[in-house]
Amino acid sequence: MHDMPAIKMADAEDFEDAHSPEVEEWYVDYRFAKYGLEDGIFAKYRGTIIAIFEKQIVGKGKNPLHLRRRIAKKLGIDALRMILVDPEYGIL
């Protein structure tokens, strides 16, 4: 019979970032984007992708990768902190 490695038990330190303020702020923006799509608020931006940060549209463009990089650099934030929305297809 093969010896199986011991399973590491998770402790609280492994999950301390799970509910950090930054994660909570991301969820606020996610909900803003989701409800904005449902209400048609972003319909005027069809054909472009918009970037949302702190419940504001902070940029728009055609290429999601370039948009994410440009806005992250401009705002000095992590590129994954913003929400990208395509009004036609939803949250990216």
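Look above for the structure.
Not measured: the values here are computed from a predicted model.

J.: Can you lay out the overall build of the protein chain for me, pointing to particular residues and giving the numbers?
T.: For the protein chain, the helix and strand inventory stands at two helices and four strands. Put simply, the protein chain has 92 residues, and 29% of those count as buried. If you take every contact in the protein chain between residues at least 6 apart in sequence, the share linking residues at least 24 apart comes to 46%. When the accessible area of the protein chain is evaluated, it comes to approximately 7,100 Å², of which 55% is carbon and sulfur surface.

J.: Give me the pattern of salt bridges: which residues, what numbers.
T.: Oppositely charged side chains are able to pair whenever their charged atoms sit close together. If you walk through the whole model with that rule in mind, you get two salt bridges. For R81, the salt bridge goes to E25, with nearest N and O atoms at 3.6 Å. Within this pair, whereas R81 is found in the loop between helix 2 (64–75) and strand 3 (83–86), its partner E25 is found in helix 1 (residues 21–39), the two being separated by 56 residues in sequence. Given a relative accessible area of 39%, E25 falls into the partly exposed group. The closest approach of N and O atoms between R81 and D29, which form a salt bridge, is 2.8 Å. Of this pair, R81 sits in the loop between helix 2 and strand 3 while D29 sits in helix 1; the two residues are 52 residues apart in sequence, bridging distant segments of the chain. The class of D29 is buried, set by a relative accessible area of 1%. When salt bridges with common partners are traced through the structure, they connect E25, D29 and R81 into a single cluster.

J.: Please give an account of the pairing of strand 3 that cites residues and values.
T.: Here strand 3 shows a buried face lined by I83 and V85 and a second buried face lined by L84 and D86. Pairing analysis gives three bridges linking strand 1 (residues 49–53) to strand 3, with the strands arranged antiparallel. Bridge pairing in strand 3 places I52 opposite I83. With two bridges joining them, strand 3 and strand 4 (residues 90–91) adopt antiparallel strand pairing. Bridging from a neighbouring strand, V85 pairs with I91 of strand 4.

Rules and cut-offs
- Residues numbered from 1 in each chain as written.
- Predicted model: local features only at pLDDT ≥ 70, side-chain atom pairs only at ≥ 80, totals over all residues.
- Heavy atoms only, no water.
- Helix = DSSP H or I, 4+ residues; strand = E, 2+ residues; numbered from the N terminus.
- Buried < 20%, exposed > 50% of the residue type's maximum accessible area, 1.4 Å probe, protein only.
- Contact = heavy atoms within 4.5 Å.
- Areas by Shrake-Rupley, 256 points an atom, 1.4 Å probe, with all protein chains shown as cover.
- Salt bridge = Lys/Arg side-chain N within 4 Å of Asp/Glu carboxyl O.
- Pairing = 2+ DSSP bridges.

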